[in-house]
Amino acid sequence: MWNLLQIELFKIFKKPRTYLAFAIIAAFIFLIQLGLYVNGRDWMMFMLGSLGETMNIEYDKLVNGYAVCYFVLNLLLVHVPILVALVAGDVVSGEASMGTLRLLASKPVSRTQIILAKYAAIAVYVFALLLWIAVISLAVSIAVFGRNDLVVAKTTGLQLIESGDVLWRYFCAFGFAFIAMMVVAAISLLLSTLSENSIGPIVATVGIIIVCTLISEMEIPLYQQYIKPYLFTTYMLGWKGFFYIGSTADGETIKGSIQYLPGIVKSLAALLLYIAALVAASVYIFRKKIFYPKIIL
Amino acid sequence: MKTIMLILAGFQFSPITQAQDIQLLVQKVKEKINLVNDYDAKGTMKTNVTFLKVPVAAVNVYFKKPNLLKIKNEKGISFIPKGAVNINMNNVLNSGNYSVLDAGNDKIGNTAVRVVKLLPEADTGDVILSTLYIDAVNQVILKTKTTTRDNGTYELEMSYGKYIAYGLPDKIIFTFNTKDYKMPKGVTFDFDDGTKKRTGGEKLKNQKGKMEISMSSYSINKGIADSVFK
Amino acid sequence: MSTIINVSNLSKQFNEVTAVNDLSFTVHAGDVYGFLGQNGAGKSTTIRMLLTLVKPSTGTIEIFDKNLFTHRNEILQQVGAVIEKPDLYKYLSAYDNLAIFAKMSGMDPGRTLLMEQLRMVGLAERASSKVKTFSQGMKQRLGIAVALVHDPKLIILDEPTNGLDPQGIADMRNLVLHLSREMGKTILVSSHLLSEIELVANRMLIIHKGKKIVEGNVAELLDPSKSLVQIETGNDTDAREKLMQTKWAARLQPDNGCLQLKMNKDEVPLLISDLVSAQVQILSVDPMHSLEDYFLSLTTKPGHVEPVAD
């Protein structure tokens, strides 16, 4: 299995499109950082809105590495699924269109192993992608903007997390984002096993994410009640839960706490369930796949 | 009958005596406060505002005559209410001319206090009216209510300990008006983690916020550079 | 002689289409086994079943005396294949392609061996070039190298000369002969051209519409002296009895409802003369097509060509 994983990784990381994702992310984050470096104060004033009328706010301190990273993640993580799909959607179908898939399937490894090795290789890719995001958005931002308390804006208000209480939340958030992205990867994998070209699964994955996100966010009671609880996109934003800090009755934050841990655990469980189901389906379909001679098709 | 007359006369004249008395009391309080040219106090600040969740912060409070005051969170970030500059009584008592009006007696907790209203003579300033609740025995202000033109009404409650001789409180509770906080639209999706959301109708309009500063130590009249207040 | 492939009663039904119909054949160790049939005859489907790419509807496949479906990985470790066209990673170099498929077959051959393989197919100098820059012939050769990299005992080549120029076809033929003669490999090679098969194969199977037509030694099947002549007489039983008394007895085919003799066409006048002297009433003498003629009839007869491409 380790052998297979190595082969799959080799194939993924020899493909130019793999690095495209890294380049896009670097460019995206750099643009945000540049923007905030120049206009961070204005951005913070905009974010805090009317609060500036009643409070004296040290805007410059608020524009720190942690805040920049939070802002980056808010904007970026919604788009990372596209980059995940770009690679995961191609992993089976790309080989089907090249013809190498049937050669793989005639090798002395089981089809289950092939699919699992492919999924594991995608996991490594997703991990590398998130590590890359973490390094650029967190480490570089901290180096450039420094470290300070993090203010998180929710629709219900603002909360301030002390500088020393932030880093672990990022680690957890990235960990959660990894699981969330692996759901996207599993969708792409499944679609990839069904397709003979790589564009289809990539576009279909992105389409599914867009539609599910829209339904998740629509405040229509029918959707909210009966559909939303079953959509994976409902749980994708769970990483933010790590930045919703617990507080006492009079609004004093409790260091090291999470406001609603069960919500995050539930999201995590839902996402893992999605992964299990989607990967199992992919394995099933690939095992049943018939490599028809052209004559039959 | 004569005695009764005298007593009545006494009652009749008492407002005048009280007025002089109150001027004197304010003067005494002011003198006490004037002993302090500057200070640098260390303490903790607790904020209680509906839409703000912040930790208890370690703060330094810097003051310099005549009216410079700065609350600083050296380690992190704190939101300081705009009227907080008035937590120093110097800023209230030494800010221009005002007329002193006696507003009778009251009680704060178990302590008897004199109630004084200060009306600024100039009507251009931000402050419209200040009400002081003064502990006449210790010659310190326990509570103030200030109505301002731009920053609403705010209240100060103070309790004293070690630094009572300088009229500097150990604990200050600052109550102020807050406006509703609205997050800019389209900035981010909230994660629905299962906690109950505020319903649309319930607005955070003109609510009260509270800030509580507990001082652990004052370093008085050691001199502070102006740059601290920038 | 040990058996390498033993296929019995193999059938594959794709919905309405019966691609392979009750097919049985045997490949022996050391054979270059020609798998001949026109396009769409069921060759590709059969080969795919041998590689577990298509699951048979009925029948059994044994390779190396083991059931293919219960010993799949064990068997496939010893099998190398090029299916229709060489399947390669176009964005990888020739060397990387070879290394990947070697690993897939469970071996780690090291650089020297891989380069040796590339040298054998004449691609050593292009080892680090990406496959997308290769010509069809180069791809085909690399495909062969991929099929051979793990030193399999059985090599399956599906239409290996498709798309090759005459030189490429000659090279491929030489390679097959080299693998068989010098390296002792067993090779199953499919083609729709008899001319190709007869130059390399020692045994062959002809299939048509999924059914076996004939299986046997190439030399015997294609021996022009082994033509059949069918004679229609007034009384076949009587004629058979009379012929049994003559030198033609050895040429008589077993009774299958007609009177047939294995013989060269130029012997026909002699046979007629003998029959006349034996007082047999001759109604017709019909020299039957040779195997080659028969196969050509399958592939060239207008209206007989199947509307499919294999």
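Residues numbered from 1 in each chain as written. Chains lettered and ligands numbered in written order. Predicted model: local features only at pLDDT ≥ 70, side-chain atom pairs only at ≥ 80, totals over all residues. Heavy atoms only, no water.

Across its full length, chain B carries two helices and twelve strands. When the helices and strands of chain B are placed in sequence order, the string is α-β-β-β-β-β-α-β-β-β-β-β-β-β. The buried share of chain B, taken over its 230 residues, is 42%. Sequence separation of 24 or more characterises 54% of the internal contacts of chain B that already satisfy a separation of 6 or more. When the accessible surface of chain B is summed, it comes to about 12,100 Å², and 54% of that surface belongs to carbon and sulfur atoms. (Helix = DSSP H or I, 4+ residues; strand = E, 2+ residues; numbered from the N terminus. Buried < 20%, exposed > 50% of the residue type's maximum accessible area, 1.4 Å probe, protein only. Contact = heavy atoms within 4.5 Å. Areas by Shrake-Rupley, 256 points an atom, 1.4 Å probe, with all protein chains shown as cover.)

Below, the discussion takes up the interface of chain B and chain A. Counting residues at the interface gives 40 residues for chain B and 47 residues for chain A. Summed over the shared surface of chain B and chain A, the result is one salt bridge. Taken together, the connections running from chain B to chain A amount to eight residue pairs in polar contact (both at pLDDT 80 or more). Counting residues per element, the ones that place at least two in the side of chain B that touches chain A are strand E1 (38-48), strand E2 (52-53), strand E5 (80-81) and strand E11 (169-178) of chain B. Across two bridges, the pairing between strand E3 (residues 157-161) of chain A and E2 of chain B is parallel. Across the sheet, the residue bridging to leucine 158 of chain A is leucine 52 of chain B, located in E2 of chain B. (Salt bridge = Lys/Arg side-chain N within 4 Å of Asp/Glu carboxyl O. Polar contact = N/O pair within 3.5 Å; in protein donor to acceptor, adjacent residues only side chain to side chain. Pairing = 2+ DSSP bridges.)

Residues and elements named next belong to chain C. Reading across from one edge, E12-E11-E13 is the order of the three strands in this open sheet, with antiparallel pairing throughout. At either margin of the open sheet sits one strand with a lone partner, and together these are strand E12 (259-262) and strand E13 (282-287). Direction aside, the axes of adjacent strands within the sheet are offset by 20° on average. Pairing geometry for strand E11 (residues 228-233) and E12, over four bridges, is antiparallel. Paired with valine 229 across the bridge in E12 is leucine 261. Running at roughly 30° to E12, helix H9 (residues 236-244) makes contact with E11 and E12 of the sheet. (Axes fitted to C-alpha atoms, helices over the stretch in contact; angles between N-to-C directions.)

Centre-to-centre distance and the angle between the planes together describe a pair of aromatic rings. In the structure shown here, the tally under the stated rule is 24 aromatic pairs over all chains. Between tyrosine 66 of chain A and tyrosine 170 of chain A the ring centres are 5.9 Å apart and the planes differ by 25°, which places this aromatic pair in the stacked class. With tyrosine 66 of chain A in helix H5 (residues 65-76) and tyrosine 170 of chain A in helix H10 (residues 167-194), the pair connects residues that are 104 residues apart, well separated along the chain. For tyrosine 66 of chain A, a relative accessible area of 1% puts it in the buried group. We classify tyrosine 170 of chain A as buried; its relative accessible area is 0%. Look at tyrosine 154 of chain B and phenylalanine 174 of chain B: their rings are 5.3 Å apart centre to centre, the planes differ by 45°, and that puts the pair in the tilted class. Within this pair, whereas tyrosine 154 of chain B is found in strand E10 (residues 153-160), its partner phenylalanine 174 of chain B is found in strand E11, the two being separated by 20 residues in sequence. The burial state of tyrosine 154 of chain B is the same as that of phenylalanine 174 of chain B; both residues are buried. Among the aromatic residues, those joined into a ring-pair cluster are Phe13, Tyr19, Phe22, Tyr125 and Trp132 of chain A. In this structure, arginine 111 of chain C is placed above the aromatic ring of tyrosine 95 of chain C, and the distance from its NZ or CZ to the ring centre is 4.6 Å. (Phe/Tyr/Trp six-rings, centres within 6.5 Å; stacked < 30°, edge-to-face > 60°. Lys NZ or Arg CZ within 6 Å of the ring centre and 35° of its normal.)

Right, let's get into the interface of chain C and chain A. Counting residues at the interface gives 36 residues for chain C and 30 residues for chain A. Broken down residue by residue, the surface that chain C buries against chain A is led by Leu53, Tyr91 and Met104 of chain C, which jointly contribute 22%. Between chain C and chain A we count two salt bridges in total. The partner of aspartate 87 of chain C in a salt bridge is arginine 102 of chain A, and the shortest N-O contact between them spans 3.0 Å. Taken together, the links from chain C to chain A amount to 13 residue pairs in polar contact (both at pLDDT 80 or more). Of the residues that constitute the side of chain C that touches chain A, the class distribution is 19 nonpolar, eight polar and nine charged. (Buried area = accessible area lost by both parts, 1.4 Å probe. Nonpolar A, V, L, I, M, F, W, Y, C, P; charged D, E, K, R; others polar.)

Attention now goes to the packing of helix H2 (residues 16-48) of chain A against helix H6 (residues 80-88) of chain A. Each packed pair of helices is defined by two parameters, the angle between the axes and the distance between the axes. All names here are of chain A. Where H2 meets H6, the axes come as close as 9 Å, and the angle between the chain directions of the two elements is 170°. Put simply, H2 runs roughly antiparallel to H6. Only Leu83, Leu86 and Val87 of H6 make contact with H2, whose side of the interface consists of Arg17, Thr18, Leu20, Ala21, Ile24 and Ile25. Tallied by class, residues from the contact of H2 with H6 come to seven nonpolar, one polar and one charged. (Parallel < 35°, antiparallel > 145°, perpendicular 65-115°, else oblique.)

For the rest of this paragraph, the subject is the arrangement of the chains. Of all two pairs of chains that touch, the greatest number of contacts is found between chains A and B. No interface is formed between chain B and chain C, the nearest pair of C-alpha atoms being 40 Å apart.

In total, this model carries 26 salt bridges over all chains according to the counting rule given. With its nearest N and O atoms 2.9 Å apart, the salt bridge here joins lysine 64 of chain B to aspartate 226 of chain B. Here lysine 64 of chain B is found in strand E3 (residues 57-64), whereas its partner aspartate 226 of chain B is found in the segment after strand E12 (207-220), with 162 residues between them in sequence. Among the residues examined, lysine 64 of chain B registers a relative accessible area of 22% and is labelled partly exposed. On the accessibility criterion, aspartate 226 of chain B (44% relative accessible area) is partly exposed. Where salt bridges share partners, they join Glu8, Lys11, Glu95 and Lys118 of chain A into one cluster.

A separate point is the environment of glycine 40 of chain A. Residue and element names in this part refer to chain A. Here glycine 40 shows up in helix H2. In this structure glycine 40 comes out as buried when scored by relative accessible area, which is 3%. Considering only alpha carbons, one finds glycine 40 and phenylalanine 13, 27 residues apart in sequence, at a separation of 36 Å. Setting aside chain neighbours within four positions, we find glycine 40 in contact with Gly35 and Val63.

Of all hydrophobic cores here, the largest spans 220 residues; its most connected members are Tyr170 and Phe243 of chain A together with Ile71 and Phe79 of chain B. Contact partners of tyrosine 170 of chain A, with chain neighbours within four places excluded, come to Tyr66, Cys69, Tyr70, Leu73, Leu138, Leu150 and Phe243 of chain A. Counting residues in each nonpolar core, the second largest holds 24 residues, with Val32, Val82, Ile155 and Met204 of chain C among its members. (Core = buried A, V, L, I, M, F, W, Y, C linked by side-chain atoms within 4.5 Å.)

Now for H2 of chain A. Relative to the 48 Å expected for 33 residues at 1.5 Å per residue, H2 of chain A spans just 42 Å between its end C-alpha atoms, considerably shorter than the ideal helical length. The principal kink in H2 of chain A, of about 85°, is found at asparagine 39 of chain A. (Expected span 1.5 Å × (residues − 1). Bend = angle between axes of the 7 residues up to and from the residue.)

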